[in-house]
Amino acid sequence: MIDYTQAREAMVDCQVRPSDVTKYPIIAAMLDVPREAFVPDDKKQIAYVGEHIALSEQRSLLDPRVFAKMLDVANIRDDELVLDIACGMGYSTAVLSRMAEAVIGVEDDPELANHAATTLVDHGHDNAIIVSALPATGAPKHGPYNVIMLQGAFEVLPDSLASQLKEDGRVIGLRLKDGVCFCTSGIKSNGKITWRHEFDATAPVLDGFEQTREFTFA
């Protein structure tokens, strides 16, 4: 029988803190949210491993270290509205809800979205909701947002999402560029997002976030 509380503490002490993530709101949120409640039943025993966990063919739960470092970069305040893209079964949304004023999670897989919505309610995350929509669509009616978090990689950030970010807002995700994947953060200023490389990390590219390929004939 796994002691999930002990496993959660070990995740924070052995994976998160050694990754130089020490901000109290992040540590407190990751200690509070039961990660095992946001994965499929047959994967609860590996909920706290230090790697991505496949939730479906299209969605993964990010490695705790990668997610924690993304949160560290985001530096979310308790008066901010966050858009959580491709939230899967809701773990990221749950953690974010312990840090932000409110969180909107977006997930297009009906089964994952239903699980996320139900589990968030069951665990008292009353400042978070799940919107069933394509990740690239976002949730414009609830925006604009102070922070947009992408739970996966992107090659191009769709204009539909960029337009939902407030002026001076931040977007954080894993970017695949020239065959290299890394975490990047962007700040919106005068309607334009300026990007900064943060740290190396990999994840599958989200549907709708791929670079359009141009084919030429010899």
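Everything below is about the structure shown above.
This report concerns the structure included in the present document. (Residues numbered from 1 in each chain as written. Predicted model: local features only at pLDDT ≥ 70, side-chain atom pairs only at ≥ 80, totals over all residues. Heavy atoms only, no water.)

So, on to the side chain of S19. Along the chain, S19 falls in the loop between α1 (4–16) and α2 (24–32). You can call S19 buried: its relative accessible area is 17%. From its side chain, S19 meets the backbone oxygen of Q15 in a polar contact 2.7 Å long. Residues in contact with S19, not counting those within four places in the same chain, are R65 and K69. (Helix = DSSP H or I, 4+ residues; strand = E, 2+ residues; numbered from the N terminus. Buried < 20%, exposed > 50% of the residue type's maximum accessible area, 1.4 Å probe, protein only. Polar contact = N/O pair within 3.5 Å; in protein donor to acceptor, adjacent residues only side chain to side chain. Contact = heavy atoms within 4.5 Å.)

What follows covers the pairing of strand β9 (residues 192–200). One ladder, built from eight bridges, connects strand β8 (residues 180–189) with β9; its direction is antiparallel. When the bridges of β9 are listed, G186 appears paired with W195. Count of turn residues in the β8/β9 antiparallel hairpin: two residues, of which N190 carries a positive phi of about 55°. (Pairing = 2+ DSSP bridges.)

Assignment of secondary structure puts E107 in the loop between β4 (102–106) and α5 (110–122). Judged by its relative accessible area of 0%, E107 falls in the buried class. Here D109 takes part through its backbone nitrogen, which lies 3.0 Å from a polar atom of the side chain of E107. Aside from chain neighbours lying at most four places away, what touches E107 is R59, A86, C87, G88, L112, A113, V131, S132 and A133.

Our next topic: the nonpolar core. Ranked by size, the top nonpolar core spans 51 residues in total, and within it M30, L71 and M149 carry the most contacts. Top contributing element to this core by residue count: helix α3 (residues 64–74), with six residues. The contact partners of L71, leaving out residues within four places of it in the chain, are I26, M30, I76, V95, L96, M99 and M149. Grouped together as the second largest cluster of nonpolar side chains are 22 residues, Y145, F154, L165 and L206 included. (Core = buried A, V, L, I, M, F, W, Y, C linked by side-chain atoms within 4.5 Å.)

A few words now on the pattern of salt bridges. All chains considered together, the criterion is met by 12 salt bridges. For R77, the salt bridge goes to D79, with nearest N and O atoms at 3.5 Å. Residue R77 is classed as partly exposed on the basis of its relative accessible area, which comes to 45%. Judged by relative accessible area, D79 falls into the partly exposed class, the value being 46%. One salt bridge in this structure joins R77 and E80, with 2.9 Å as the shortest N-O distance. A single salt-bridge network, built from bridges that share partners, covers R77, D79, E80 and R170. (Salt bridge = Lys/Arg side-chain N within 4 Å of Asp/Glu carboxyl O.)

A word on the state of the cysteines. Scanning the model with the defined rule gives zero disulfides in all. Free of any disulfide, C181 has its nearest cysteine sulfur in C183, 9.1 Å distant. You can call C181 buried: its relative accessible area is 10%. (Disulfide = S-S within 2.5 Å.)

Attention shifts here to α1. Within α1 the residues assigned to the buried category are R8, M11, V12, Q15 and V16. Looking straight down α1, one finds its buried side chains confined to an arc of 110°; they lie on one side. Counted as exposed and oriented over 90 degrees from the buried face of α1: Q6 and C14. By the N-cap criterion, in which a side-chain oxygen at the helix start approaches the backbone nitrogen of a residue two or three places on, α1 is capped by D3, the distance to T5 being 3.2 Å. (Arc of directions from axis to C-beta.)

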